[in-house]
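Fold and geometry: a report
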Amino acid sequence: MIFMFPLGIEPYLVGGIIIGIGVAIIYLLTGLHATQSSFFTTTLSWFSKRKDFQKDKNIEERGWRLTLATGLIIGALIHTLTLSPIGFWTTSVQLWRLILGGLLVGFGTRLSSGCTSGHGISGLASLSKTSLYAVIVFMGIAIITANIVQLLGVSP
Amino acid sequence: MNKRNIVVLIGGILFGFGLSYSGMTKQEIVLSFLQLKDLGLIFVLGGAALVGALAINILAKYLKKPVLNGQFKPRSRILSWKTIIGAIIFGVGWGLSGQCPGSAVASLGTGNLPVLLGIFAMFVGAYIKGLLDSR
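Residues numbered from 1 in each chain as written. Chains lettered and ligands numbered in written order. Predicted model: local features only at pLDDT ≥ 70, side-chain atom pairs only at ≥ 80, totals over all residues.

1. Remarks on the overall build of chain A
Regarding its fold elements, chain A presents 6 helices and 0 strands. Ordered by position in the sequence, the α and β elements of chain A form the string α-α-α-α-α-α. For chain A, the spread of C-alpha atoms along the principal axes amounts to about 50 × 35 × 35 Å. Across the 156 residues of chain A, 56% fall into the buried class. Contacts in chain A between residues far apart in sequence, at least 24 positions, make up 43% of those at least 6 positions apart. (Helix = DSSP H or I, 4+ residues; strand = E, 2+ residues; numbered from the N terminus. Buried ≥ 20, exposed ≤ 12 C-beta atoms within 10 Å, placed from the backbone. Contact = placed C-beta atoms within 7 Å.)

Following this line, the structure appears as structure tokens:
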């Protein structure tokens, strides 16, 4: 077990439960699903007049989705300033990977109507078969991709 | 700010705190999962989905409707080729960069400024998808 979880299980499980409590509070009080990838489309409705962005749904949701994104940043900041063992931090993943990966993540999650939070957390929690298939596919493909990138000698 | 947005903000703060606590805001830790060196991410996703499932499938049944307003609707999406092709494209991007939408946005709160480029690119990707649908 130790070789599968070199940092232990506690930070992962506790972090996951805290995330779940956040999602549960939002759902039980407002009926909203705290999912993230729609944030890009709804936020773009402030900047683009194209009809796909100007759908009623995007206009209605853009306020609370921006609020949710703000909450994510504040929550991570609070953790970084309090319990985090290392404090502020910067990734060593190459910029070209962040940019190219980001493009694919933005396009793919919108085409799939969900991401790790949409299909992964809210979808699985809603016992949605569509989301289960999506999670199996994106996780499988991501594992294959990450291993190919590593085999090509790109690190981390 | 209305009551609904205050709840969303508080829930979002917990969500972001949990993402940082679990290390998901660090692309290196996500990549170490995808490279099968540290399988902890399963507990993050599993723990969050389990608590969410309790809320959606059990607690919501007792409450009947949300405390503030609206109604309960479990998240459902129709399975189509778009779901699967989109998941494949997302998987390549996730595996390449270790970023997903929620963890990337939360990562800004840890001082990880390079991820701004990744988030900007996510907006561009979502914009291209919207343009294709607007034709």
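2. What about the nonpolar core?
Residues Val23, Ile26, Tyr27 and Phe138 of chain A are the most contacted members of the largest nonpolar core, which totals 85 residues. Counting residues per element, this core draws most heavily on helix H1 (residues 10-30) of chain A, which supplies 12 residues. Discounting residues that sit within four places of it in the chain, isoleucine 26 of chain A has contacts with Leu32 and Ala34 of chain A together with Val7, Val8 and Gly11 of chain B. (Core = buried A, V, L, I, M, F, W, Y, C linked by C-beta atoms within 7 Å.)

3. Here's the deal with the interface of chain B and chain A
A common measure of how large an interface is: the accessible area buried when the components associate. Facing the 109 residues of chain B at the interface are 113 residues of chain A. Listing elements by their share of the side of chain B that touches chain A, those giving two or more residues are helix H1 (3-21), helix H2 (27-34), helix H3 (41-63), helix H4 (81-97), helix H5 (101-107) and helix H6 (115-134) of chain B. No other element matches H3 of chain B, which puts 18 residues into the side of chain B that touches chain A. Split by residue class, the side of chain B that touches chain A holds 62 nonpolar, 37 polar and 10 charged. (Nonpolar A, V, L, I, M, F, W, Y, C, P; charged D, E, K, R; others polar.)

4. Structural notes on the UniProt feature "transmembrane region" (unreviewed entry) in chain B
Residues and elements named next belong to chain B. Feature annotation in UniProt assigns "transmembrane region" (unreviewed entry) to the following positions: residues 38-59, 79-97 and 103-128. As annotated, residues 79-97 comprises 89% helix and 0% strand, and the C-alpha atoms at either end are separated by 26 Å. Along residues 103-128 one finds 73% helix and 0% strand; the C-alpha atoms at either end are 22 Å apart. (UniProt positions renumbered as here; feature names shortened; annotations may be inferred.)

5. Remarks on the packing of H1 of chain A against H1 of chain B
It is at 7 Å that the axes of H1 of chain A and H1 of chain B come closest, and there the two elements cross at 170 degrees. Here H1 of chain B runs roughly antiparallel to H1 of chain A, going by the angle between their axes. Partitioned by chemical class, the residues of the contact of H1 of chain A with H1 of chain B number 17 nonpolar, 7 polar and 1 charged. (Axes fitted to C-alpha atoms, helices over the stretch in contact; angles between N-to-C directions. Parallel < 35°, antiparallel > 145°, perpendicular 65-115°, else oblique.)

6. Observations regarding the confidence of the model for chain B
Of all residues in chain B, 100% have pLDDT values of 70 or greater, and the mean over the chain is 96. Both scores are available for the predicted complex, with the pTM at 0.97 and the ipTM at 0.97. (pLDDT = per-residue confidence, 0-100.)

7. What to know about unusual backbone geometry
Residue proline 156 of chain A follows serine 155 of chain A across a cis peptide bond; omega there is 5 degrees. Of note in this structure, serine 113 of chain A is not a glycine but carries a positive phi near 60 degrees. Residues other than glycine seldom take positive phi values, yet leucine 36 of chain B does so here, at roughly 60 degrees.

8. Brief notes about the environment of proline 11 of chain A
The residue proline 11 of chain A is located in helix H1 in this model. Setting aside residues no more than four positions away along its own chain, proline 11 of chain A makes contact with Tyr21, Ser22 and Gly23 of chain B.

9. Structural notes on the UniProt feature "transmembrane region" (unreviewed entry) in chain A
All names here are of chain A. On the UniProt side, "transmembrane region" (unreviewed entry) is annotated at positions that read residues 12-30, 66-88, 94-111 and 132-153 here. Overall, residues 12-30 shows 100% helix and 0% strand. The separation of its end C-alpha atoms is 27 Å. Helix makes up 91% of residues 132-153 and strand 0%. Its end C-alpha atoms lie 32 Å apart.

10. Re the packing of helix H5 (residues 116-125) of chain A against H3 of chain B
At a minimum axis distance of 7 Å, the contact between H5 of chain A and H3 of chain B shows a crossing angle of 35 degrees. Between H5 of chain A and H3 of chain B lies a crossing of right-handed hand. Across the interface between the two elements, Gly120, Ile121, Ser122, Leu124 and Ala125 of chain A of H5 of chain A pack against Leu45, Ala48, Ala49, Gly52, Ala53 and Ile56 of chain B of H3 of chain B. Among the residues forming the contact of H5 of chain A with H3 of chain B, the class breakdown is 8 nonpolar, 3 polar and no charged. (Left-handed = near helix turned anticlockwise from the far one by under 90°.)

11. Notes on the environment of valine 51 of chain B
Relative to the helices and strands, valine 51 of chain B resides in helix H3. Among residues more than four places away in sequence, those in contact with valine 51 of chain B are Ile17, Gly20, Ile21 and Ala24 of chain A.

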